[in-house]
Amino acid sequence: MFHDIRSMRDAIERVENVSDENAFEHAISDLRIYMKQLGMEASSFIELEKRAFYISNGYSEKDTKEKMQDAKKRVIAYLTGIMSERTDKELVIQVLENFYLFLENLLEREPHKKSGINKIQLAGFKIRNEYDVQHLLYAYLKPLYPMARLEVNEDTGYGTVRADILLDEDCAVEIKCTRKGMSLKKLIEEIEADMVHYSEKNICFFIYDKEKIIENAFCFKKTYEEKMKDKHIHVIIHQPKIL
């Protein structure tokens with residue numbers, strides 16, 4: 001039970017509607033509980049406390065109320081930023097999840113009879129390895145994320161890490177394409193190494209499971225999305241029917 005706070009929008013409305021110090025204190029307390037349930041980092045709680053802090057004026061109720069109203073505005077601005085950031089990352093995941101629609105319409109739908117592209121040409125198009133996936137995925141993402149970059153190197157101090165696609169300074173897409181002879185153990189080893197080495201807080205593992213070596217995609221996704229507490233890991237698995 002989240003004390004009537006079930007989303008960041010609920011939290012914003014709750015803070016907006018407080019009218020006195022007591023109500024504000026209770027709203028912030030319930031907000032802490034909700035944020036804890038979301039698994040938010042310690043730095044988020046510290047920022048909340050900074051925004052919500054104000055000093056009551058024992059000699060002026062009016063002055064105290066004005067300070068509380070300023071604290072309310074600071075907290076609401078902070079929550080609005082969090083909600084916007086979470087929405088942006090949720091959109092990235094949705095776009096990656098819908099990649100199969102792009103492939104389906106590009107390669108499986110028969111072109112118009114007057115088109116210069118014919119079905120035979122499309123039938124010869126095959127995804128054979130990770131570089132093919134990267135090429136298509138980058139073309140698919142670039143119109144939506146114009147700042148996206150390919151194969152961005154980062155010097156970690158103990159070696160170089162290369163992001164397959166960097167959407168922004170805090171979100172990387174790491175592409176995996178299974179191949180004949182590749183074991184599930186090998187795929188897991190690669191993913192776990194990337195989780196540690198990437199500095200970005202948001203890492204999207206885009207797994208094109210061409211050979212269908214992942215037997216239970218739901219359990220695989222759940223296991224590795226909950227693997228690290230200091231980073232947001234997202235696992236998107238596509239197991240093609242034709243390509």
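Coordinates for the structure precede this section.
About the thresholds
- Residues numbered from 1 in each chain as written.
- Predicted model: local features only at pLDDT ≥ 70, side-chain atom pairs only at ≥ 80, totals over all residues.
- Heavy atoms only, no water.
- Buried < 20%, exposed > 50% of the residue type's maximum accessible area, 1.4 Å probe, protein only.
- Helix = DSSP H or I, 4+ residues; strand = E, 2+ residues; numbered from the N terminus.
- Pairing = 2+ DSSP bridges.
- Right-handed = clockwise from strand over helix to strand, strands pointing away.
- Axes fitted to C-alpha atoms, helices over the stretch in contact; angles between N-to-C directions.
- Contact = heavy atoms within 4.5 Å.
- Patch = residues over 30% accessible without salt bridge, like charges linked within 9 Å, V, L, I, M, F, W, Y side chains within 5 Å.
- Areas by Shrake-Rupley, 256 points an atom, 1.4 Å probe, with all protein chains shown as cover.
- Salt bridge = Lys/Arg side-chain N within 4 Å of Asp/Glu carboxyl O.
- Lys, Arg positive; Asp, Glu negative; His and termini not counted.
- Charge placed at Lys NZ, Arg CZ, Asp CG, Glu CD.
- Parallel < 35°, antiparallel > 145°, perpendicular 65-115°, else oblique.
- Nonpolar A, V, L, I, M, F, W, Y, C, P; charged D, E, K, R; others polar.
- Expected span 1.5 Å × (residues − 1).
- Arc of directions from axis to C-beta.
- Polar contact = N/O pair within 3.5 Å; in protein donor to acceptor, adjacent residues only side chain to side chain.
- 1 Å grid on protein atoms, 1.4 Å probe; cavity = no way out; pocket = protein on both sides within 12 Å on 5 of 7 lines; lining within 4 Å.
- Points joined across faces, edges and corners; volume = space filled by probe spheres on them.

Caption draft 1: Fine view of the pairing of strand β3 (residues 171-177). Burial analysis of β3 places seven of its seven residues in the buried class, the great majority of the element. Both faces of β3 are covered, namely the face carrying C171, V173, I175 and C177 and the face carrying A172, E174 and K176. Direction of pairing for strand β2 (residues 160-168) relative to β3: antiparallel, over a ladder of three bridges. Residue pairing in the sheet places I165 in a bridge with V173 of β3. Once β2 ends, the chain turns through two residues before running back antiparallel as β3. Pairing analysis gives seven bridges linking β3 to strand β4 (residues 202-208), with the strands arranged parallel. Paired with E174 across the bridge in β4 is F205. Viewed along the sheet, the connection from β3 through helix α8 (residues 184-197) into β4 turns out right-handed.

Caption draft 2: Just the sheet that holds β4, in detail. Taking strand neighbours across the sheet as the criterion, the five strands line up as β1-β2-β3-β4-β5 in an open arrangement whose pairing is mixed. Each edge of the open sheet carries a strand with a single partner, namely β1 (149-155) and β5 (232-238). Strand-to-strand, the axes of this sheet are offset by a mean angle of 35 degrees, without reference to chain direction. Two strands pair when backbone bridges link them, and β4 and β5 are joined in this way by seven bridges, in the parallel orientation. Its bridge partner being in β5, I207 is matched across the sheet by I237. Where helix α9 (residues 217-225) meets the sheet, its contacts fall on β4 and β5, and the angle it forms with β5 comes to roughly 160 degrees.

Caption draft 3: Highlighting a negative patch on the surface. The grouping of D20, E21, E25 and E61 at the surface amounts to a negative patch. With respect to the helices, strands and loops of the structure, E21 is situated in helix α2 (residues 21-38).

Caption draft 4: Just the packing of α2 against helix α3 (residues 42-52), in detail. Contact pair α2 / α3: the axes reach a minimum separation of 11 Å and the direction vectors enclose 170 degrees. Viewed along their axes, α2 and α3 adopt a mutual orientation that is roughly antiparallel. The segment α2 lies against α3, with F24, I28, L31, R32, M35 and K36 engaging S44, F45, L48, E49 and A52. Here the contact of α2 with α3 is built from residues that sort into seven nonpolar, one polar and three charged.

Caption draft 5: Main features of α8. Helix length check: α8 (14 residues) gives 20 Å between terminal C-alpha atoms against 20 Å at 1.5 Å per residue, within 8%. Considered for burial, the residues of α8 that qualify are L187, I188, I191, D194 and M195. Taken around the axis of α8, the buried residues stretch over an arc of 130 degrees, which confines them to a single face. Among the exposed residues of α8, those pointing more than 90 degrees away from its buried face are K185 and V196. For α8, the secondary structure elements touched by its buried residues are β3, β4, α9 and β5.

Caption draft 6: Representation of the environment of E174. With respect to the element layout, E174 can be found in strand β3. On the basis of relative accessibility, which here comes to 6%, the residue E174 falls in the buried class. As a C-alpha pair, E174 and E108 span 66 residues in sequence and 26 Å in three-dimensional space. Not counting residues within four places of it along the chain, the set of residues in contact with E174 comprises R162, D164, D194, Y198, C204, F205 and F206. A polar atom in the side chain of E174 sits 2.3 Å from the side chain of Y198.

Caption draft 7: Fine view of empty space enclosed by the protein. In the structure shown here, the tally under the stated rule is one cavity of 30 Å³ or more. Looking at the largest cavity, its volume works out to about 30 Å³. Taken together, V152, E154, V161, R162, A163, Y198 and E200 make up the lining of the largest cavity. Secondary-structure elements contributing two or more residues to the lining of the largest cavity are β1 and β2. For the lining of the largest cavity, the per-class residue count stands at four nonpolar, no polar and three charged.

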